[in-house]
Amino acid sequence: MRVSIDTIPGGANPNEDWVAGTPSLAVVLDGLSTAGLSTGCSHGVPWYVAHLGGHLLASLADPDRPLREGLAEALERVAQLHPGCDLKNPGTPSATVAVLRRRNEVLDHLVLADSPIVLATHRGDFTVLTDLRVDSVLPELRAEVEKHETHTPGHREALQRLVLAQRQVRNTSEGYWVAAGDTEGAAHALTGVTPVKEVRDGAVMSDGVSRLVTEYRTATWDDVFNTLRSSGSRQLIKDVRSTEATDPTGIRWPRYKSGDDAAVAYCQW
C-alpha cells in the first residue's frame, strides 16, 4: 500500500487534525473544537491528537491486532501521559478517529465519529464509511449556530452553547462516541472488512476535506478521486480552501468555522 498524506490548518490557530501513513496503515484524527471553553487539561487538543496518533500507530504495528483493541490501548497510554489533568471533565480533549489498514488481501477499517473513509471500487462507484451519530444530537442548537455568520458575537455564543450541550452527551448512550480520556469510546467504534480486490484506491480524511462533497456539494467523490490521482492530497485541500474563500462568513454554507482544519491520506494498491 502506498500512502500520501497532507494536512493544513483552517486558519491561524494550531492544527487540530493529525494524519499519518505507513506501508500498511492510514490514520486520520480530527480534534474536537473547544470553542474557547475550559477542558480540564493543560495540554490542549493538538497535543492530544499528536500523542494519540503516535500511540495508535504503535499499537497497530501488529497487523493482526483488532483495530478496536489497538485504539483502546492507545487511549489508555495517552491517559497515562497526563494524570494530573482532569480526564473526567466532559470537555477533556477528544478526537474523531478513522483508520484504514491493509492486512494481507483485505482492508480493515475503523471509524469513530464523522471523519470518513471513502473507497473507490473498480466498478466506478464509491463506498463511504463513516459514523454520523453526532448528526442526530441537539439539532436545535446546531441550527441556532447556523443562523449566524462566522466571526460574529452571536455565532460564537451559539457555538459555545452547542459545545457545552454536546459535552453532556459525549460518550454516552444518549449521544455519540469519540476518542477521549478513557478507553470506552473504542468499544463503540464502527469496524469492517473489505476485500482488496474490490477496491481501486481509497482516501481517509477529516470532515474538513469531505465537506467539499457532503456540505458544499461543489464536487463529487469522482471529482475528489480524480484530483487525488492527478494532483495529490495538497491540491485537494487547496480546492476546499478555494471554495471556502468564496463564502468567508458562512452565508452560503453555514458552518462552525470559516475554514476547518483539513487532513487526508490517499491510499493506493
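Residues numbered from 1 in each chain as written. Predicted model: local features only at pLDDT ≥ 70, side-chain atom pairs only at ≥ 80, totals over all residues. Heavy atoms only, no water.

> Describe the pairing of strand β2 (residues 17–22), and please don't skip the residues or the numbers.
Along any regular strand the residues' side chains alternate between the sheet's two faces. As judged from the six bridges shared by β2 and strand β3 (residues 25–31), these two strands associate in the antiparallel manner. Bridge pairing in β3 places D17 opposite D30. What sits between the antiparallel neighbours β2 and β3 is a turn of two residues. (Pairing = 2+ DSSP bridges. Helix = DSSP H or I, 4+ residues; strand = E, 2+ residues; numbered from the N terminus.)

> With reference to specific residues and values, describe the nonpolar core.
Membership of the largest hydrophobic core comes to 26 residues, with the highest contact counts inside it found for L29, Y48, L52, L56, L71, V97 and V99. For this core, the elements supplying multiple residues, two or more each, are β2, β3, α1 (45–59), α2 (67–81), β4 (95–103) and β5 (106–112). Considering each element in turn, this core owes the most residues, six residues, to α1. Residues in contact with L52, not counting those within four places in the same chain, are L29, A74, L75, V78 and A179. Of all hydrophobic cores here, the second largest spans 21 residues; its members include A120, L212, F225 and L236. (Core = buried A, V, L, I, M, F, W, Y, C linked by side-chain atoms within 4.5 Å. Buried < 20%, exposed > 50% of the residue type's maximum accessible area, 1.4 Å probe, protein only. Contact = heavy atoms within 4.5 Å.)

> Can you break down the pairing of strand β7 (residues 126–129) residue by residue, with the values?
Where strand β6 (residues 117–121) lies against β7, four bridges are found, and the strand directions are antiparallel. What sits directly across from V118, in β7, is V128. The hairpin formed by β6 and β7 contains four residues between the paired strands, and G124 there has a positive phi angle of roughly 95°.

> Explain the side chain of D261 residue by residue, including any values.
Among the secondary structure elements, D261 is positioned in the loop between α7 (233–245) and β10 (262–268). As a buried residue without a salt bridge, D261 has its nearest oppositely charged side chain in K257, at a separation of 4.7 Å. Among the polar contacts made by the side chain of D261, one reaches the main-chain amide nitrogen of G10 at a distance of 2.7 Å. A polar contact is formed between the side chain of D261 and the backbone nitrogen of E16, at a distance of 2.8 Å. Among residues more than four places away in sequence, those in contact with D261 are I8, P9, G10, P14, N15, E16, D17, S206, G208 and R241. (Lys, Arg positive; Asp, Glu negative; His and termini not counted. Salt bridge = Lys/Arg side-chain N within 4 Å of Asp/Glu carboxyl O. Polar contact = N/O pair within 3.5 Å; in protein donor to acceptor, adjacent residues only side chain to side chain.)

> So what's going on with the packing of helix α3 (residues 139–146) against helix α4 (residues 153–169)? Residues and values would help.
Look at α3 against α4: their axes get within 8 Å of each other, and the N-to-C directions meet at 160°. By the criterion of interaxial angle, the relationship of α3 to α4 is roughly antiparallel. In the crossing of α3 with α4, the sense of the turn from one axis to the other is left-handed. Between α3 and α4, the residues in contact are L141, R142, E144 and V145 and H155, A158, L159, R161, L162, A165 and Q166, respectively. Grouping the amino acids of the contact of α3 with α4 by side-chain chemistry returns six nonpolar, two polar and three charged. (Axes fitted to C-alpha atoms, helices over the stretch in contact; angles between N-to-C directions. Parallel < 35°, antiparallel > 145°, perpendicular 65-115°, else oblique. Left-handed = near helix turned anticlockwise from the far one by under 90°. Nonpolar A, V, L, I, M, F, W, Y, C, P; charged D, E, K, R; others polar.)

> Now, about the sheet that holds β3: what can you tell me, with residues and values included?
Hydrogen bonds along the backbone pair up the strands of a sheet, which may run parallel or antiparallel. One open sheet accounts for five strands, arranged β2-β3-β4-β5-β8; its pairing is antiparallel. Sheet topology places β2 and β8 (190–195) at the edges, where each strand pairs with a single neighbour. Pairwise comparison of adjacent strand axes, ignoring direction, gives a mean angle of 10° for this sheet. As paired strands, β3 and β4 are joined by seven bridges and run antiparallel to one another. What sits directly across from A26, in β4, is L100. Sitting on the sheet, α2 is in contact with β4, β5 and β8, with an inclination near 45° to β5.

> Just give me the short version of the sheet that holds β10, but keep the residues and values in it.
Spatial strand order, β1-β10-β9-β6-β7: five strands in an open sheet with antiparallel pairing. Pairing within the sheet leaves two strands with one partner each, and these edge strands are β1 (2–8) and β7. For this sheet the average axis-to-axis angle between neighbouring strands, irrespective of direction, equals 15°. Contacts from helix α5 (residues 207–214) reach β9 (199–205) and β10, with the element oriented near 80° to β10. Set on the sheet, α7 makes contact with β1 and β10; between it and β1 the angle comes to about 35°.

> Account for helix α6 (residues 221–230), with residues named and values stated.
Here α6 has its buried residues at W221, V224, F225, T227 and L228. Burial along α6 is one-sided: seen end-on, the buried residues are contained in an arc of 155°. In this structure, the buried side of α6 is in contact with β6, β7, β9, α5, α7 and β10. The first or second residue beyond α6 is G232, which carries a positive phi of 95°. (Arc of directions from axis to C-beta.)

So, to be careful, I would describe these as geometric facts and stop short of saying anything about function.
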